[in-house]
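Read off the chains here:
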Amino acid sequence: MNTTRTGMMGFGLLTAILLITGIAFAADSSAENHTVWLSGLDLSKMTAGWGKPQPDLSIQSKPLTIGGKKFDKGVGTHADSVLYVDLRGTTERFSASVGVDDEVAGQPASIRFRIIGDDQELWNSGPMKAGEPAKSVDVSVKGLKVLILSVDPTSDGVAYDHADWADARFLTAADNPRAIDPPAEPETILTPAPAPMPRINGPKVYGVRPNSPFLYRIPCTGTRPMEFAAENLPAGLSLDGKTGIVTGKIAQAGTTIAVLIAKNAQGQDRREFRIVVGDTLALTPPMGWNSWYIHYNRVTDAIMRQSADVMIASGMADFGYSYVNIDDCWMVKVNSTDPEIGGPTRDDKGRLIGNKRFPDMKAMTDYIHAKGLKAGIYISPGPRTCAGYEGSFGHEALDAKTFADWGFDFLKYDWCSYGEKAGGDKLEDFMKPYQVMYAELLKQDRDIVLNLCQYGMGDVWKWGAQVGHCWRTTGDLGLEKAGNLPGFYSIGFSNAKHFEFAKPGGWNDPDYILIGWVGSAFTGGEGEKTTLTANEQYSYMSMWSLMAAPLIFSGDMAKLDAFALNILCNAEVIDIDQDPLGKQAKILRQTDREFVLVKDLEDGSKAVGLFNLDIVSQPLAVSWQDLGLTGKQRVRDLWQQKDLGVLDGEYKTSVPRHGVSLVRLFPNL
Ligand code: GAL
């Protein structure tokens, strides 16, 4: 630490500046201390829910004014707003007059200012409204390392939340405090590596239609070589003992409980596998990968094959990931002159033509299927897809047949450009394109899971299961932030509300898991490493699993690292998502500081996620009473795969900034 006394020099300089600018204030009596205005710090590091923080002006660049009083110095910002300040070890005090700026007088603004020092709250203004006089604060920050200045929106949202840190200043004995980025969080891997013993993972129940091709690669971790066997497989199925791939066709409708067995030198695992031959597919949420958020309009046959290779080589398939899905931009682009993607969109019989990057779709799906994996494709019900490529409008029957002939097992059906041709805002208008395509898919001689991508219009969760297997409930997740929280939280909060509509065969889809190396649909490029913190990534995967969401990763398969794989591949977390009961978690509590989800599981246990939405760590708890439980419970931490003990009455723990505690509570019989 720099202990040189620069106080005198700093004070002298400051006095000179003050004389020049004519600003009067009561200087600290100690000649050793000098003032550093908050507005002099690098405000590009201060976040704001709207606009850009302004030095010595309001967020709308007007004089700072609170409750009729004007301030010459300070910072105008907007909730959510956070600034991290490195106090350099020599800062003594922070003081300010805070409040809602008068520029939103008469509007329903409501904000709370907080000053946090080394993860402890030093001061909290309580809710403040427009027109109220400023509240003064003067706190000692002596000995602290990092100060956080935070403006929260309170629970009514961020509308009109213009916030002023007026007259805000630090008093320091030596080094000037400086604005910093949030301290980096180490990417701590919480999940133990899979044991060498076999463990059979993935779904415990599986739906297939009579006489449809059956393809299932037993997801199983443990040292290879491994031998697979099965008891009570329905007639028509056979298992390759070396690869663990089950194939065949079952003629007879009905349910069979087979037993899957995996053996290696270390031991064996047996697991019941319920095969339900009937008309319902996707009895558990689909798991896989989609090309969109990393390859966009650059997707190729080679990328798809490579992604299938990695799904096996990385071990993802051993945890249950099975779909390898192309998104938009595999077709011919309407009116494009680019020889790679332009040209006739359909052949003389009206059949879709893949662009030059997809020379042979059937060969590609054969390649994927040979690994025991499944293949997915995308199109829009309108004349063009969202990216302007050929759509299905008017060709639905032939396109469904083409997808089946090509060997696809999954179709993502968008909405783009459909409104130009049909549209309307009645329920039947929203349902129509999906009814049409679903009916066509049912006529095919293979099973094709239908994913509706129409962003939640017409309350799709209420009817999606009649015309498909999973439905996006919101717009694109993307990489944007909502206030201090990354976008997956707001998408998750919205998706969580529709819990009662999820069931085996029909799932709410909050969009993809965007971690690892991902891109942005708007900026293109080859992507970059996620900016989500480690704890945010644990929260993301926990929330999606509790919500029984399709687990579709959409980052770069070729750049998966150990941390991303640790997030994607925790067998006990995936068990929550894939639980055969098929219930989506209910919201137990939601405030601006915490979010608590509870999911009932088939064996009578419950999964609970305690999400800390705050920028500081805080204790979070759930009581047995809240959960309708009585008696002692065995509490297991799912990320660490570790029993925390047998507890009575409640589970309480400290949860880090934007982190989660994901536990499973088993009755202690
Ligand atoms: C959007 C969809 C994205 C992606 C994109 C392709 O409508 O929500 O997930 O499929 O279209 O153009």
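Quick caveat, the model's predicted, so the values are computed rather than measured.

Novice: If you had to explain the site of the ligand to someone new, which residues and values would you point to?
Specialist: By nearness alone, every residue bordering the ligand is listed as Trp292, Asp327, Asp328, Tyr378, Cys386, Ala387, Lys412, Asp414, Cys453, Tyr455, Arg472 and Asp476. Lys412 is positioned such that a nitrogen or oxygen atom in its side chain is 2.8 Å from an oxygen atom of the ligand. Within the contact set of the ligand, an oxygen atom lies 2.8 Å away from a side-chain nitrogen or oxygen of Asp414. Split into classes, the residues belonging to the shell around the ligand amount to 6 nonpolar, no polar and 6 charged.

Novice: For the domain arrangement of the protein chain, give the residues involved together with the corresponding values.
Specialist: Annotation of the protein chain at the domain level lists domain 1 (31-180), domain 2 (199-277), domain 3 (287-579) and domain 4 (587-667). If you average the C-alpha positions of domain 1 and of domain 3, the two centres end up 43 Å apart.

Novice: Residue-level account of the pairing of strand 7 (residues 91-100), with values.
Specialist: Consecutive residues of a regular strand have side chains that alternate between opposite faces of the sheet. Among the 10 residues of strand 7, 8 are classified as buried, and the element is accordingly described as predominantly covered. Examined bridge by bridge, strand 7 and strand 13 (residues 162-172) share 8 bridges and lie antiparallel to one another. Residue pairing for strand 13: Arg93 is matched across the bridge by Leu171. Of the strand pairs in this sheet, strand 7 and strand 11 (residues 135-140) are connected by 6 bridges, and their pairing is antiparallel. Paired with Arg93 across the two strands is Ser140, which belongs to strand 11.

Novice: Which residues make up the side chain of Arg357, and what are the values?
Specialist: The topology assignment puts Arg357 in the loop between strand 25 (323-325) and helix 4 (361-370). Given a relative accessible area of 18%, Arg357 falls into the buried group. Contact partners of Arg357, with chain neighbours within four places excluded, come to Asn297, Arg298, Val299, Thr300, Asp301, Glu340 and Ile341.

Novice: Could you give me a rundown of the sheet that holds strand 16 (residues 205-208), with the residues and numbers involved?
Specialist: Taken together, the 4 strands give an open sheet; going across it, the order is 16-23-22-19, and neighbouring strands pair in mixed fashion. The outermost strands of the open sheet, each flanked by one partner alone, are strand 16 and strand 19 (227-231). Going from strand to strand, the sheet's axes swing by 30 degrees on average, the running direction of each strand aside. Pairing analysis gives 11 bridges linking strand 22 (residues 254-264) to strand 23 (residues 267-277), with the strands arranged antiparallel. Each bridged residue has a counterpart across the sheet, and for Asn264 the counterpart in strand 23 is Gly267.

Novice: Describe the sheet that holds strand 20 (residues 237-240), listing the residues and the values that go with them.
Specialist: Strand order in this open sheet of 3 strands is 17-21-20, and the pairing throughout is antiparallel. This sheet does not close on itself; its edge strands, each paired only once, are strand 17 (214-217) and strand 20. Direction aside, neighbouring strands of the sheet carry axes that sit 15 degrees apart on average. Bridge count between strand 20 and strand 21 (residues 245-248): 4 bridges; the pairing is antiparallel.

Novice: Residues and numbers for the packing of helix 9 (residues 487-496) against helix 10 (residues 534-546), please.
Specialist: For any two helices packed against each other, one specifies the inter-axial angle together with the distance between the axes. Relative to each other, helix 9 and helix 10 sit at 20 degrees, their axes nearing to 11 Å. Accordingly, the angle class assigned to the pair helix 9 and helix 10 is roughly parallel. Considering how the two elements wind past one another, helix 9 and helix 10 form a crossing that is left-handed. Taken together, the residues of helix 10 that come into contact with helix 9 (itself represented by Phe488, Tyr489, Ile491, Gly492 and Phe493) are Glu536, Ser539, Tyr540, Met543 and Trp544. Here the residues of the contact of helix 9 with helix 10 are counted per class, giving 7 nonpolar, 2 polar and 1 charged.

Novice: An account of the nonpolar core is requested, with residue identities and associated values reported.
Specialist: Within the largest apolar cluster, 104 residues are counted, with the highest numbers of intra-cluster contacts made by Met316, Tyr321, Ile326, Trp330, Leu411, Met543 and Trp544. The element that contributes the greatest number of residues to this core is helix 10, accounting for 7 residues. Of the residues that make up this core, three or more belong to each of domain 3 (287-579) and domain 4 (587-667). With residues near it in sequence (within four places) discarded, Met316 still touches Met311, Tyr321, Phe553, Met557, Leu560, Leu565, Leu568 and Cys569.

Novice: Which residues make up the pattern of salt bridges, and what values go with them?
Specialist: What the rule picks out here adds up to 43 salt bridges. Across the pair Glu390 and Arg346 runs a salt bridge whose closest N-O atoms are separated by 2.6 Å. Pair noted here: Glu390 is in the loop between strand 26 (374-379) and helix 5 (396-406) and Arg346 is in the loop between strand 25 and helix 4, with a separation of 44 residues, a long-range link. According to the relative accessible area criterion, Glu390 is buried, its value standing at 10%. Overall, the relative accessible area of 12% leaves Arg346 in the buried class. Salt-bridge contacts for Arg664 lead to Asp603; the nearest nitrogen and oxygen are separated by 3.0 Å.

Novice: Requested: an account of the packing of aromatic side chains, with residues and values cited.
Specialist: In total, this model carries 29 aromatic pairs according to the counting rule given. Relative to Phe403, the ring of Trp330 lies with its centre 6.2 Å away and its plane at 75 degrees, an arrangement referred to as edge-to-face. With Trp330 in the loop between strand 25 and helix 4 and Phe403 in helix 5, this pair connects stretches of sequence that are 73 residues apart. A ring pair is formed by Tyr489 and Phe493, whose centres lie 6.1 Å apart and whose planes are at 50 degrees; its orientation type is tilted. Taken together, the residues span about one helical turn, with Tyr489 and Phe493 both in helix 9 at a distance of 4 residues. Note on accessibility: Tyr489 and Phe493 belong to one class, buried. Ring pairing ties together the aromatic residues Phe488, Tyr489, Phe493, Tyr540, Trp544, Phe595 and Phe611, which thus form one cluster. A cation over a ring is seen here: Arg305 above Tyr367, with NZ or CZ 4.9 Å from the ring centre. It is Arg634 that lies over the ring of Phe666; its NZ or CZ is 4.2 Å from the centre.

Novice: Lay out helix 9 in plain terms, naming residues and giving numbers.
Specialist: Of all 10 residues in helix 9, 8 are buried, a share of seventy percent or more. Along helix 9, the positions that sit buried rather than exposed are Gly487, Phe488, Tyr489, Ile491, Gly492, Phe493, Asn495 and Ala496.

Novice: Give a description of the pairing of strand 24 (residues 287-290) that names residues and reports values.
Specialist: Covered by surrounding structure in strand 24 are Met287 and Trp289 together with Gly288 and Asn290, the residues of both alternating faces. Of the strand pairs in this sheet, strand 24 and strand 25 are connected by 3 bridges, and their pairing is parallel. Paired with Gly288 across the two strands is Tyr323, which belongs to strand 25.

Novice: Would you mind going over the state of the cysteines in detail, with residue names and values included?
Specialist: According to the stated counting rule, one finds 1 disulfide in the structure shown. With no disulfide of its own, Cys470 lies closest to Cys453 among cysteine sulfurs, the gap being 10 Å.

Novice: Give me the lowdown on unusual backbone geometry, citing residues and values where you can.
Specialist: A cis geometry characterises the amide bond from Ala79 onward to Asp80, with omega recorded as -15 degrees. Note that the residue after Arg224, namely Pro225, is joined by a cis bond; omega there is 0 degrees. Inspection of the secondary structure puts Pro225 in the loop between strand 18 (220-221) and strand 19. The backbone of Tyr160 sits at a positive phi, close to 65 degrees, despite the residue not being glycine. Within the secondary structure layout, Tyr160 lies in the loop between strand 12 (146-152) and strand 13. Accessibility expressed as a relative area gives 37% for Tyr160, which makes it partly exposed.

Novice: Any details on helix 4? Residues and values, ideally.
Specialist: Looking at helix 4, one finds that the buried residues are Met361, Met364, Thr365, Ile368 and His369. Buried residues in helix 4, looked at end-on, bunch into an arc of 135 degrees, giving them a common side. Tucked inside the fold, the buried residues of helix 4 contact strand 17, helix 3 (301-313), strand 25, strand 26 and helix 5. Residue Asp360 occupies the N-cap position of helix 4, its side-chain oxygen lying 3.2 Å from the main-chain nitrogen of Lys362. The positive-phi residue at the C-terminal boundary of helix 4 is Gly372, with phi of around 85 degrees.

Conventions and cut-offs
Residues numbered from 1 in each chain as written. Predicted model: local features only at pLDDT ≥ 70, side-chain atom pairs only at ≥ 80, totals over all residues. Heavy atoms only, no water. Near = heavy atom within 4 Å. Polar contact = N/O pair within 3.5 Å; in protein donor to acceptor, adjacent residues only side chain to side chain. Nonpolar A, V, L, I, M, F, W, Y, C, P; charged D, E, K, R; others polar. Domains from an automatic or database assignment. Buried < 20%, exposed > 50% of the residue type's maximum accessible area, 1.4 Å probe, protein only. Helix = DSSP H or I, 4+ residues; strand = E, 2+ residues; numbered from the N terminus. Pairing = 2+ DSSP bridges. Contact = heavy atoms within 4.5 Å. Axes fitted to C-alpha atoms, helices over the stretch in contact; angles between N-to-C directions. Parallel < 35°, antiparallel > 145°, perpendicular 65-115°, else oblique. Left-handed = near helix turned anticlockwise from the far one by under 90°. Core = buried A, V, L, I, M, F, W, Y, C linked by side-chain atoms within 4.5 Å. Salt bridge = Lys/Arg side-chain N within 4 Å of Asp/Glu carboxyl O. Phe/Tyr/Trp six-rings, centres within 6.5 Å; stacked < 30°, edge-to-face > 60°. Lys NZ or Arg CZ within 6 Å of the ring centre and 35° of its normal. Disulfide = S-S within 2.5 Å. Arc of directions from axis to C-beta.

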